[in-house]
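Read off the chains here:
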Amino acid sequence: MSALLRELATGYVSVAVLLTVGFVLVRAALACMGRLGLHLSARQTLWAGRATLALALLMPPACMSVRGLVPTGPLFSFDRSVVRLTTRLPEPAWSSRPRATEPRPAEAPLSFPVGTAAALVIGLATGVHCARQLRQHLRLIRRLESLPRVRQVGRVAVVLCDSEATAFSTWFPRLAPRPSAWVAVPSHLLEDAAALRMTVLHELQHHRQRDTVLVYVRLAVGALFFWNPVVRAFGQWLATCQELACDEALVSGGKARPHDYARCLLDAALRASGSPPLPAGVTGMAHPTTRRIEMLFQSRPSRPHRAIGLVAAVALTLAPLALWAQSATRGRAVTLAEAKALAQASQREGDIPVVVDEQVVEKLNQLVTTPKGRAFMKKALENLSTHREALTRTLRAKGLPEGLLAVAMVESAVTNMPETSTSPSLAPGVRGAGVWMFIPSTARQYGLQVDTERDERLDVARETEAAVALFSDLHGRYGDWRLALAAYNLGEEKVDGVLSKTGVRDASELARAGHLNDYVSTVQAGLLILRNPHLLD
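Residues numbered from 1 in each chain as written. Predicted model: local features only at pLDDT ≥ 70, side-chain atom pairs only at ≥ 80, totals over all residues. Heavy atoms only, no water.

(A) Examining the overall build of the chain more closely. Helices and strands together make up the secondary structure of the chain, namely 19 helices and 5 strands. A burial count over the chain gives 49% of its 537 residues as buried. When contacts within the chain are restricted to residue pairs at least 6 apart in sequence, those whose partners lie at least 24 apart make up 74%. Surface accessibility of the chain: about 25200 Å² in total, with carbon and sulfur atoms responsible for 60%. (Helix = DSSP H or I, 4+ residues; strand = E, 2+ residues; numbered from the N terminus. Buried < 20%, exposed > 50% of the residue type's maximum accessible area, 1.4 Å probe, protein only. Contact = heavy atoms within 4.5 Å. Areas by Shrake-Rupley, 256 points an atom, 1.4 Å probe, with all protein chains shown as cover.)

So, in structure tokens, the structure goes:
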């Protein structure tokens, strides 16, 4: 999975978690406040609900930004710091001498992109849902433009709909001078001037509260998280809060008397049972609930500090949860900034330098976050504990850096296996044998016997001596450990040809241009894990 797709998946799951927990928290808090007599007004409840929705949507990207600015330390005590646990290798000295090797053709491993497939499924479902809703809205707008217009209030057109229909309001972004907002009222209200006035005021209040604009946010969230019933319940609750807030605004503002308004609501509720359903996102006056009528006769003083305190409490709860959700979804994934800090903290003078780029980070996360990668590297570290003393002693005797142990980890998981073995290897190209995976021609070139009677590639001590000589020759030839590693896998002829053709000696740049394979990045990722085994914890 690419870094961008991984970050999108992290944000998606984090928002899903925060929406679920935020809705439960705000509803539970409102219930507790009600029992304690600390009631909120309808408009304050709507504001608290919208603020919770905004927190759930904006907090994950905000946390990602903060983590990017502070990559080397946690924001909360339970968050992992990859640098704090960094272990260091002892500092060796090394020397080199020139000789030759044998080419190995590249072959990239294949894997099924499960994350990409899941993203495509969710994206397709979301696109189909949004396209369906958009088509319904466009049909509704064409219908509204064909209805008789009663009056124009700013850019809001008041039109008459069928007598059996329900009053509703809607908005759609359009260029002037065409109206972008509508209020539709049933024609039977022409016979009742008071009911007509209150209905129009109610629907205009939806436009003033930006209900008809913010409804598109709820539609988008509902489409993105179509599988989450809590998100659907959150949207329905916000729709109810919008109606209650409109009712409260009209009655408390003195624009409508409670008894007349209650009669208007009751009449709308009775007619709503036979009216056709409205498209999703369209605010309708008819919500057949007794709570709206009861609220008209309840006095709830406005106490802004209660709503602010409620939202602050929800924010303080969601902030650490957002970081936890990112850690859980990102698994043990490491960002580019974290990998650079990790490499710098664990680098010792004289050892192989790790040049961190996007390819190294991608390989590192494949080894750290995927089940196969983690299993392979855990096996490599476990096997290395058996052979490490012998391998390290030979490397130090020849003055070579201990970081070359990462080559054995990548090639064979430090497993002394024959050429016919089916055990996995992370190295592209032709399979060899032994811990260092020598192919026959290179093994014979460095003094190893490889025939039907004996295969000295399976003699760890002899093969390690040959590998040490090969590494010394390659580094002496190129003067750069990354180019030496590339030649260890691809062969000197291939690397010499690339250097001659391009004139570039930066292994990262050559790999990005496709002139070299990803072997060097894989070894450097393995070296980071060798120096920091806690990444697999």
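Moving on, there is more to tell.
(B) Focus on the environment of P304. With respect to the helices, strands and loops of the structure, P304 is situated in helix α9 (residues 304–330). Here P304 falls in the partly exposed class, since its relative accessible area comes to 48%. When the C-alpha positions of P304 and L40 are compared, they lie 8.5 Å apart, and in sequence the two are 264 residues distant.

(C) Region of the structure containing the pattern of salt bridges. Enumeration according to the criterion identifies 18 salt bridges in this entry. Between D518 and K363 there is a salt bridge, and its shortest N-O distance comes to 2.7 Å. Note that D518 is positioned in the loop between α18 (507–512) and α19 (519–531) and K363 in helix α11 (residues 358–369), a separation of 155 residues in sequence. Residue classification places K363 among the buried positions, given a relative accessible area of 13%. Close ionic contact of R482 with D506 constitutes a salt bridge, the shortest N to O distance being 3.2 Å. Note that R482 is positioned in helix α16 (residues 481–490) and D506 in the loop between α17 (492–502) and α18, a separation of 24 residues in sequence. Since its relative accessible area comes to 10%, R482 is described here as buried. The partly exposed category is assigned to D506, whose relative accessible area is 31%. Linked through salt bridges whose partners overlap, the residues forming this network are R454, E456, R462 and E465. (Salt bridge = Lys/Arg side-chain N within 4 Å of Asp/Glu carboxyl O.)

(D) Structural context of the pairing of strand β2 (residues 156–161). For β2, the buried fraction is high: 6 of the 6 residues fall into the buried class. Of the two faces of β2, the one lined by V156, V158 and L160 and the one lined by A157, V159 and C161 are each fully buried.

(E) A look at the nonpolar core. Counting residues in hydrophobic clusters, the biggest one holds 69 residues, and the most contacted among them are L364, L404, V407, W436, F471 and Y488. The greatest single-element share of this core, amounting to 9 residues, is contributed by helix α15 (residues 460–478). Ranked by size, the runner-up nonpolar core spans 33 residues in total, among them L30, L53, L318 and L323. (Core = buried A, V, L, I, M, F, W, Y, C linked by side-chain atoms within 4.5 Å.)

(F) Representation of the packing of α16 against α19. In the contact formed by α16 and α19, the axes pass within 9 Å of each other and the chain directions differ by 115 degrees. For the element pair α16 and α19, the recorded crossing hand is right-handed. Between α16, through R482, L485, A486, Y488 and N489, and α19, the contact on the second element is made entirely by Y519, V520, V523 and Q524. Grouping the constituent residues of the contact of α16 with α19 by class yields 6 nonpolar, 2 polar and 1 charged. (Axes fitted to C-alpha atoms, helices over the stretch in contact; angles between N-to-C directions. Left-handed = near helix turned anticlockwise from the far one by under 90°. Nonpolar A, V, L, I, M, F, W, Y, C, P; charged D, E, K, R; others polar.)

(G) Quick peek at unusual backbone geometry. If you check the backbone angles, R210 has positive phi at about 65 degrees while not being a glycine. Backbone geometry at V414 places phi at a positive 55 degrees, although glycine is not the residue there. Mapped onto the elements of the fold, V414 is located in the loop between α13 (405–412) and α14 (440–445).

(H) Region of the structure containing helix α4 (residues 193–208). Under the 1.5 Å per step criterion, the end-to-end length of α4 is 22 Å for 16 residues, consistent within 8% with the ideal 22 Å. In terms of burial, α4 is a largely internal element, 12 of the 16 residues being buried. Residues of α4 that are buried include every one of A195, L196, M198, T199, V200, L201, H202, E203, L204, Q205, H206 and H207, and no others. For α4, the N-terminal capping position is held by D192, with its side-chain oxygen 3.3 Å away from the main-chain nitrogen of A194. Within two residues after α4, R210 carries a phi angle of roughly 65 degrees, on the positive side. (Expected span 1.5 Å × (residues − 1). Polar contact = N/O pair within 3.5 Å; in protein donor to acceptor, adjacent residues only side chain to side chain.)

(I) Quick look at the packing of α13 against α19. Their axes nearest at 8 Å, the elements α13 and α19 cross at an angle of 115 degrees. Taken together, the axis directions place α13 and α19 in an arrangement best described as roughly perpendicular. Remark: the crossing between α13 and α19 carries right-handed chirality. In contact with L405, A406, V407, M409, V410 and E411 of α13, α19 contributes Y519, T522, V523, G526, L527 and L530. Residue composition of the contact of α13 with α19, grouped by class: 9 nonpolar, 2 polar and 1 charged. (Parallel < 35°, antiparallel > 145°, perpendicular 65-115°, else oblique.)

(J) Geometry of helix α6 (residues 229–252). The terminal C-alpha atoms of α6, which comprises 24 residues, lie 34 Å apart, in line with the 34 Å expected from a rise of 1.5 Å per residue. Within α6, 17 of the 24 residues are buried, which leaves the element mostly enclosed by the surrounding structure. At the N-terminal boundary of α6, the capping side chain belongs to N228, with an oxygen 3.0 Å from the backbone nitrogen of V230. Residue G254 follows α6 closely and has a positive phi angle near 80 degrees.

(K) Region of the structure containing the environment of V24. Mapped onto the secondary structure, V24 falls in helix α1 (residues 3–35). A sequence separation of 210 residues divides V24 from F234, and the C-alpha atoms of the two residues are 9.0 Å apart.

(L) Just the packing of aromatic side chains, in detail. For the coordinates displayed, the defined rule picks out 9 aromatic pairs. Measuring from centroid to centroid gives 6.2 Å for F234 and W237, while their planes differ by 40 degrees, and the two rings are tilted. In this pair, F234 and W237 both sit in helix α6, 3 residues apart, roughly one turn of the helix. There is no split in this pair, since F234 and W237 are both buried. Three or more aromatic residues link up through ring pairs in this structure, and these residues are Y12, F225 and W227. (Phe/Tyr/Trp six-rings, centres within 6.5 Å; stacked < 30°, edge-to-face > 60°.)

(M) Main features of a positive patch on the surface. Judged by side-chain charge, R132, R135, R139 and R142 come together as a positively charged surface patch. Structurally, R142 is set in helix α3 (residues 114–146). (Patch = residues over 30% accessible without salt bridge, like charges linked within 9 Å, V, L, I, M, F, W, Y side chains within 5 Å. Lys, Arg positive; Asp, Glu negative; His and termini not counted. Charge placed at Lys NZ, Arg CZ, Asp CG, Glu CD.)

(N) Just the side chain of S180, in detail. Within the element layout of this structure, S180 appears in the loop between β3 (168–171) and β4 (181–186). What S180 contacts, discounting residues up to four positions off in sequence, is R155, T170, W171, F172 and R174.

(O) Layout of the environment of W47. In this fold, W47 is placed in helix α2 (residues 42–69). With 264 residues separating them in the primary sequence, W47 and V311 have C-alpha atoms 9.1 Å apart. In this structure W47 touches A307, I308 and V311, once residues within four positions along its chain are discounted.

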